[in-house]
Every structure is written in C-alpha cells, then in structure tokens.
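One letter stands for each residue in the lines below.
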Amino acid sequence: TPGTMSGSGSEELQPSQEADDRQQEAERDWAAAKAFYDNLVTKRPRPPKPQNAITVAVSSRALFNLVEEQQIYEEHGLEKYVEYQQNNENVTLKPGPAFYFVKALEHVNARLLELYPEDEERFDIVLMTNNHAQVGVRLINSINHYGLTIERFCMTGGESPIGYLTAYLTNLYLSADSEKVQEAIKAGIASAIMFTANKDVTYSDTQLRVAFDGDAVIFSDESEQIVKEHGLDRFFEHEQLHENKPLAQGPLKSFLEDLGKLQKKFYAKNERLNCPIRTYLVTARSAASSGARVLKTLRSWGVEVDEALFLAGAPKGPILVKIRPHIFFDDQMFHIEGAQKLGTIAAHVPYGIGQKYSKST
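Quick notes on the rules
Residue numbers here run from 1 along each chain, matching the order of that chain's written sequence. Residues qualify for local features only when their pLDDT is at least 70, as the model is predicted, and side-chain atom pairs are given and counted only at 80 or more; totals for whole chains, interfaces and linings, by contrast, use all residues. In computing side-chain values, all of the structure's heavy atoms are included and hydrogens and water are not. Starting at the N terminus, helices and strands are each numbered in turn, a helix being any DSSP run of H or I of at least four residues and a strand any DSSP run of E of at least two. Whether two residues touch is decided by their heavy atoms; if any such pair falls within 4.5 Å, the residues are in contact. Exposure classes here rest on a 1.4 Å probe applied to the protein chains alone. A residue is buried below 20% of its type maximum, exposed above 50%, and partly exposed in between. Whenever a helix is involved, its axis is fitted only over the stretch in contact; in every case the axis is a line through C-alpha atoms, and angles between N-to-C directions fall within 0 to 180 degrees. Each residue is assigned to one class: nonpolar for Ala, Val, Leu, Ile, Met, Phe, Trp, Tyr, Cys and Pro, charged for Asp, Glu, Lys and Arg, and polar for all the others, Gly among them. The criterion is simple. A nonpolar core is a set of buried Ala, Val, Leu, Ile, Met, Phe, Trp, Tyr and Cys residues joined through side-chain atoms within 4.5 Å. Note that the domain bounds were set by an automatic or database domain assignment. Here, a salt bridge means any side-chain nitrogen of Lys or Arg that lies within 4 Å of a carboxyl oxygen of Asp or Glu. The arc in question is traced by the directions running from the helix axis to the C-beta atoms.

K.L.:
So what exactly am I meant to see when it comes to the side chain of Asp 330 here?
P.N.:
Tracing the backbone through its elements, the reader meets Asp 330 in strand β9 (residues 327-330). What Asp 330 contacts, discounting residues up to four positions off in sequence, is Asp 213, Val 217, Lys 316, His 335, Ile 336, Ala 347, His 348 and Val 349.

Here is the structure:
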C-alpha cells in the first residue's frame, strides 16, 4: 500500500510541475519577444506583459458608435453587416461610450512612462470584439485616425471572448453586450455594460476620473439584500451593529485597487497634487447611519478613494455632472438612466440582488 500511495502522490505533483514548466516556457517566449522588439528602432513603447499590466479589454461597440451597423446586423444578417463594414472601411467610426475613458487611460500611461520609462505596470488596452476578421480594417483605420495606442486585437468571429479575457489576465472588461458581461462577471472578471450619455459634455483630458457606486459594485450586495428584504431601518441597525466588520468585496473592488496602485506610483515621485487619476465613491447610503462601515472597510483593505459622496437617497445625476467622470459604475439601472440623462457615461454592473428588481437591460 505505501507504494501505491507514493505513486498517487507523484501523480498529484505532476500538474503543478506542468504548470511550472508552462510558466518557464512562457517567460522564455516573452524574453525572446522582448529581445526581438528591443532590436527594432521605434518610438512606440513596447506593450507590457499581461502579468505586469492592468489590462482593460474593450469591445468595438463600447469603443466606437456602431448603432447603425448593429441595426444592419440585426435586420439583414451577418453577411450584409460584413459587406457594409468593408465598403465603408475608410469611413472613420465615431467615438462610442468607452472612447474618452480609453483616451484618459492613455494619458495616464504617457505620464507613467515619463516617470518610469522601464516599468511595465501601466494600462494595456485590448480590443476584444466578436467581430469577424474581415471587419478589422475599418476598426484599425479608426483607431489610427484617433491616434489610439491599441496594439492587441482579439476578433473572435462570433465566439465568446471569455477564454481570451482570462488568457490576457483581464483587469476590466467593457462591452455593450449584457450577456457577455454577465458571463465575464461569473468568471470573476471585473466587467460592466456601457451606456452612451444622452448629452455631449467635455471630459478632462489631463485626469482620468472614475466614479464607483458602493454596494454590489465595490462591495458585495450583502447590505442591499437587507434593504430589499427587511427595509431601511433594519439596514441602518445592521450597519451600525457591524460597523467594524468589513464588507465582503464586490466585482469592481479589484479595479479600484489597480487604480490605487498606479496612484501610489505618482505619489512616490511627489506628484500627489498633480496625479492624473482621481477616484470617487458615489453612494446612495447616508453618512451618519451607514457611512462608517464603508470607510472602515476601505481602510481595512488598504484602499483609498479621493472623494466619498454619501447622498442619503438623493439622485446621483446632478453630483455626477459636477464630477464629469469618464466612467461611472453602478448596479442599479435607474441610477444609470438618471446619470445618462444628464450627460454621464455610465456602466451597468449586472451583479447582486438588485438585478431581480431592476428593469431589463
């Protein structure tokens, strides 16, 4: 029996040995690719390794306005859609809901490269689209027209992008397709459905501004469950009773942490007052009755937000007009719609109990 036990033990060790071998092989591949790239004369920075980068995957319908094209696809089918895209491949696509967010990410990258020329810890933007490759030329032409630095494309030809998102170690996935976003969240990837603002507003081109709702976005939906099932008074009681017990994390906590890591790189170079990233917590919670637990949770995680706005149930739209974020994450569709009406680009996080009560997206 001892012989068989040791045999099964060695079999159990094999997968971890295989994983180590694969990791070493991947490192060798990256070293070879870097050596090749370093020998080329170019002003463009080399794309970072996914292990070091904060990878933001954006769908083509989030990056560009493809409303008309989507209508052709839905009414006339795939072949007519591809034909239309090919016939119009020299017609530049208009910006979509994630466009100015992506531009702001690139500004942060430019500042990081000034301070840390050799460092790879910066944003890497990947176009993750279920378009077919034949549509690629129009997307490339539009990206080049706007001077965007998007080097990595995944065109999945109708297949689910989730496997690719995982392979790229994606930190945030933005799409106009609610099913794909729900699939990504189930796979543990921070993700949201993009909605275009109903008004044109100007966004800061020197500072990335990201606004987050709290419950079911940065935090779990534990508190929202209590509100929905037992009402507000019970919720206030519960939050005060558990003030010193950190809330569990929600789907966007990791992305808030990523932003915080980059902010610290600016602080380390004495650039706190000139930091090109600013984060906002915009929550319907009341500060006096349920705010302490939120702030203590963030503190326990070692995560900071630059501004915390406790609205005690007031609409979020007017506050967001003042902030002008490049993106605002919320789990409730009525907050998304209120933000949209006043010109905020909003991203719906389809997570938690709120979805049962929310309108269909």
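There is more to say, and it comes next.
K.L.:
How should unusual backbone geometry be read in this particular structure?
P.N.:
In terms of backbone geometry, most residues other than glycine have negative phi values and most peptide bonds are trans. If you check the backbone angles, Asn 270 has positive phi at about 60° while not being a glycine. Tracing the sequence through the fold places Asn 270 in the loop between α11 (253-268) and β7 (277-283). Judged by its relative accessible area of 72%, Asn 270 is exposed.

K.L.:
What is the right way to look at the packing of helix α9 (residues 222-230) against helix α10 (residues 232-241) in this model?
P.N.:
Helices that pack against each other are described as a pair by the angle of their axes relative to one another and the distance between those axes. Packing of α9 against α10 leaves a shortest axis separation of 7 Å and a crossing angle of 145°. Of the residues in α10, those touching α9 at Glu 222, Ser 223, Ile 226, Val 227 and His 230 are Leu 232, Arg 234, Phe 235, His 238 and Glu 239. In the contact of α9 with α10, the residues fall into 4 nonpolar, 3 polar and 3 charged.

K.L.:
I keep staring at the nonpolar core and nothing clicks. Help me out?
P.N.:
Generally speaking, a soluble globular protein has its nonpolar side chains buried in company with each other. Core analysis: the largest hydrophobic core is formed by 87 residues, its most contacted members being Leu 63, Phe 101, Phe 123, Leu 208, Phe 212, Phe 255 and Phe 329. Of the residues that make up this core, three or more belong to each of domain 1 (50-194) and domain 2 (208-355). If we skip the residues at most four places from it in the chain, Phe 123 touches Ile 54, Val 56, Leu 105, Val 108, Asn 109, Leu 208, Phe 255, Leu 259 and Leu 262.

K.L.:
Where do I start with the pattern of salt bridges in this structure?
P.N.:
Close approach of charged atoms allows side chains with opposite charge to pair. Inspection of the entire model under this criterion finds 17 salt bridges. Note that Lys 316 and Asp 213 form a salt bridge whose closest N and O atoms lie 3.0 Å from each other. With Lys 316 in the loop between β8 (307-310) and α13 (317-323) and Asp 213 in the loop between β6 (208-212) and α9, this pair connects stretches of sequence that are 103 residues apart. Pair check on accessibility: Lys 316 and Asp 213 agree, each one buried.

K.L.:
Explain helix α4 (residues 78-87) here, please?
P.N.:
The α-helix advances 3.6 residues per turn, and as a result positions three or four apart in sequence lie on the same side. Among the residues making up α4, those that are buried are Tyr 81, Val 82 and Gln 85. One side of α4 carries all its buried residues, which in axial view fall inside an arc of 95°. Projecting away from the buried face of α4 at angles above 90 degrees are the exposed residues Glu 79 and Asn 87. Where the residues of α4 are buried, they touch α3 (67-76) and α6 (136-145).

Nothing here speaks to function; it is all geometry.
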